[in-house]
Amino acid sequence: MSQLRHATLLLVVLLATALSAQQPAPPPAPAGPPRGSSGPPEHAKVTPINNLPNPYETIRNFGTLPDNRKWGSVSAVHVDADGKHIWAGDRCGANACVGSTVDPMVKLDPNGKVVASFGAGQILWPHGMDVDRQGNIWVADARSATPQELAKFPDWKAKGHTVLKFSPQGKLLMTLGTPGEAGDPPSKFTEPNDVLVAPDGSIFVGESHNAQFLDQNPPNGIGRISKFSPDGKFIKTFGSYGYGPSQFRGPHSLAMDSRGRLFVADRGNRRIQIFDQEGKHLDTWYQFSRISGLYIDRNDTLYAIDSESDDNYNPGWRKGLRVGSARTGEVWYFVPEHVSRNPSGMGGYGSMGEGVAVDAAGNVYGGEVGPVQGLTKFVPRLKR
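Residues numbered from 1 in each chain as written. Predicted model: local features only at pLDDT ≥ 70, side-chain atom pairs only at ≥ 80, totals over all residues. Heavy atoms only, no water.

Concerning the sheet that holds strand β22 (residues 320-325)
Here's step 1: Judged by pairing direction, the sheet is antiparallel, and its four strands sit side by side in the order β20-β21-β22-β23 without closing on themselves. Strands with a single pairing partner mark the edges of an open sheet, and in this sheet they are β20 (293-296) and β23 (331-336). Neighbour-to-neighbour, the strand axes of this sheet turn through a mean angle of 15°, independent of strand direction.
Here's step 2: Across five bridges, β22 lies against β23 in antiparallel orientation. Its bridge partner lying in β23, Arg322 is registered against Phe334. (Pairing = 2+ DSSP bridges. Helix = DSSP H or I, 4+ residues; strand = E, 2+ residues; numbered from the N terminus. Axes fitted to C-alpha atoms, helices over the stretch in contact; angles between N-to-C directions.)

Regarding the nonpolar core
Here's step 1: One finds Trp71, Leu108, Tyr303, Leu321, Val364 and Leu375 to be the most contacted residues of the largest nonpolar core, which totals 28 residues.
Here's step 2: Apart from residues lying up to four places away in sequence, Leu321 is in contact with Tyr303, Ala304, Ile305, Tyr333, Phe334, Val335, Met352, Val356, Val364 and Phe378.
Here's step 3: In this structure, Ile272, Trp285, Phe288 and Val331 belong to the second largest nonpolar core, which totals 14 residues. (Core = buried A, V, L, I, M, F, W, Y, C linked by side-chain atoms within 4.5 Å. Buried < 20%, exposed > 50% of the residue type's maximum accessible area, 1.4 Å probe, protein only. Contact = heavy atoms within 4.5 Å.)

What about the sheet that holds strand β13 (residues 234-238)?
Here's step 1: Read from one edge to the other, the open sheet built from four strands follows the order β10-β11-β12-β13, with strand pairing classed as antiparallel. Looking along the sheet, the strands with just one partner apiece sit at the ends: β10 (194-197) and β13. Between one strand and the next, the sheet's axes are offset by a mean angle of 20°, whatever the strand orientation.
Here's step 2: Two strands pair when backbone bridges link them, and strand β11 (residues 203-207) and strand β12 (residues 224-228) are joined in this way by five bridges, in the antiparallel orientation. Considered in β12, the bridge of Val205 is made with Ser226.

Re the state of the cysteines
What we call a disulfide is simply a covalent bond connecting the sulfur atoms of a pair of cysteines.
Here's step 1: Considering all chains together, one arrives at one disulfide under this definition.
Here's step 2: Each sulfur in the disulfide pair Cys92 and Cys97 lies 2.0 Å from the other. An S-S torsion of about 95° defines the bridge between Cys92 and Cys97 as right-handed. (Disulfide = S-S within 2.5 Å.)

Concerning unusual backbone geometry
Here's step 1: With an omega of 15°, the peptide bond running from Pro185 to Pro186 counts as cis.
Here's step 2: Inspection of the secondary structure assignment puts Pro186 in the loop between β9 (172-176) and β10.
Here's step 3: Of note in the backbone geometry, Ser246 takes a positive phi value of approximately 65° without being a glycine.
Here's step 4: Mapped onto the elements, Ser246 comes out in the loop between β14 (240-241) and β15 (247-248).
Here's step 5: Using a relative accessible area of 22% as the deciding quantity, one classes Ser246 as partly exposed.

Considering the side chain of Ser100
Here's step 1: As for its placement among the helices and strands, Ser100 is situated in the loop between β3 (86-90) and β4 (105-108).
Here's step 2: When its relative accessible area of 19% is taken as the criterion, Ser100 is described as buried.

Notes on the packing of aromatic side chains
Here's step 1: In the structure shown here, the tally under the stated rule is 11 aromatic pairs.
Here's step 2: Between Phe228 and Phe234, the ring centres sit 5.6 Å apart and the planes meet at 70°, which makes this aromatic pair edge-to-face.
Here's step 3: For Phe228, a relative accessible area of 1% corresponds to the buried category.
Here's step 4: Members of the aromatic cluster, connected to one another through ring pairs, are Trp87, Phe118 and Phe166.
Here's step 5: We note Arg91 situated over the ring of Trp125; from NZ or CZ to the ring centre the distance is 4.1 Å.
Here's step 6: For Lys159, the ring lying beneath its charged end belongs to Trp156, and the centroid distance is 5.5 Å. (Phe/Tyr/Trp six-rings, centres within 6.5 Å; stacked < 30°, edge-to-face > 60°. Lys NZ or Arg CZ within 6 Å of the ring centre and 35° of its normal.)

The quantities given are spatial measurements derived from coordinates; they are silent on function.
Encoded structure:
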């Protein structure tokens, strides 16, 4: 009888073990909200805009680089002064130019052929850019080399944390900031995201990139816009880190409308803030999503590209390109994210570019930084 009980007990154990092996593992315990996923309370009151007409045909892999080299990450993209050519800052076939000998800044004709290039050995991490009315190219080089990068390439120590002005031929004309050193204006920048040159030549610079990953009120939080004269003389800084008006968590992109108002893509706070050129806060808009890149054309059409949204960092919103009015704030169109194996930005679904620019014909160019890289061209099928 004892042998029978023993055999029965053994059979029960074996069956239980087999059944448990077939069951899925329990989900891990919640780890809390991800770093940097906090946001202004006003954001929760806005209904996500994810379903609007898409009047564009998407053309992936626009442009061929010299020697048929592969594109890397591209967040810096802008239309040339002629309204036809496009400038792009390729991160040298990777996500940084440390140790590279190729030109990161390339000029493409309307057919995608590179007709000019420059910047080899001068730019570490091209992040944002502008082209002024004289055709000069301004580049925000947003970080310095890491210790691991410097161990391999020590000559790159004095690069980054700068805004660089180049002639149309690629000659370095001006450097704002101290190369390789983070700090505060007037002599230094900390992770400058973007640069904008106003019609009168005034220069605006937004900092800092990693502020979007900080929560509450950290001692190292930086959120600011600095203004310089056309010859590079420091004028003022406005803004601070935070969630309120005139506060930023990653002022990631800058644009200016026909009225001279400065639009700031406050990416970590999932909004646009609008200022006059003296830094007075005028308005805040949440309807264009968590914006990585911002462009306003001569007709005050606003193009806002979102490469990051997911349910942690922008609940309810999809990645994509939203197009609307810089005058009224109305959103007209939505171009959805690309289908991709891995997501761009903070996670979620699909991939979309980080930089955006528009030529005189209305073609939109997205600079890709995630699993999809290079340039995407969006060609209008309809006219508003």
